[in-house]
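# Architecture and fold: a report
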Amino acid sequence: MKLIGEEFQRLDQQLTKAHADLLQRHRYEMELDRRLQRADRLAMIGTLASGLAHEIGTPMGVIRARTELLLQEIPPAEKARESLHIVLGQIDRISKIVWMLLDYARRTESQRGRHDVRGIVEHVMKLIDAEARECPLRCWN
């Protein structure tokens, strides 16, 4: 009887360990599945960003060319020149956003390496510069 009891305990321990192993494997597979879904979403976002950037970029090029043509035809003293310069500034702003979308869509795997932090900070400052200029002082309070 004692032998049967010991054997049942051993089987119980083995089943408990097997159950824990299965749970751990299941959690690992679920995490892999989440990562794959996230990677798929990021790939789709990259594709959408690329398409959107091209769809916006092409008309912006036409608008820029026509605005520059108008600037050449309007005398320097005309008040409309200031408005056209504002339009060009906004076209530049949209173009930066479009290039950022294209840059995001082209990104590949990250690679570790040494970088000059100043260059990274300067790049970030350029990205947020337009937004910071548009935001009233109350945004920062």
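Provided above is the structure to which this section pertains.
Described in the following lines is the structure provided in the data block. Note that the structure is a prediction, hence the values are computed from the model and not measured.

Within the structure shown, the criterion is met by seven salt bridges. With its nearest N and O atoms 3.2 Å apart, the salt bridge here joins Lys17 to Asp21. Of this pair, Lys17 and Asp21 both sit in helix H1 (residues 2–73), four residues apart, which is roughly one turn of that helix. On the basis of relative accessibility, which here comes to 52%, the residue Lys17 falls in the exposed class. Judged by its relative accessible area of 33%, Asp21 is partly exposed. Across the pair Arg34 and Glu31 runs a salt bridge, and its minimum N-O distance is 2.9 Å. Of this pair, Arg34 and Glu31 both sit in helix H1, separated by three residues, roughly a single helical turn.

Conventions adopted
- Residues numbered from 1 in each chain as written.
- Predicted model: local features only at pLDDT ≥ 70, side-chain atom pairs only at ≥ 80, totals over all residues.
- Heavy atoms only, no water.
- Salt bridge = Lys/Arg side-chain N within 4 Å of Asp/Glu carboxyl O.
- Helix = DSSP H or I, 4+ residues; strand = E, 2+ residues; numbered from the N terminus.
- Buried < 20%, exposed > 50% of the residue type's maximum accessible area, 1.4 Å probe, protein only.

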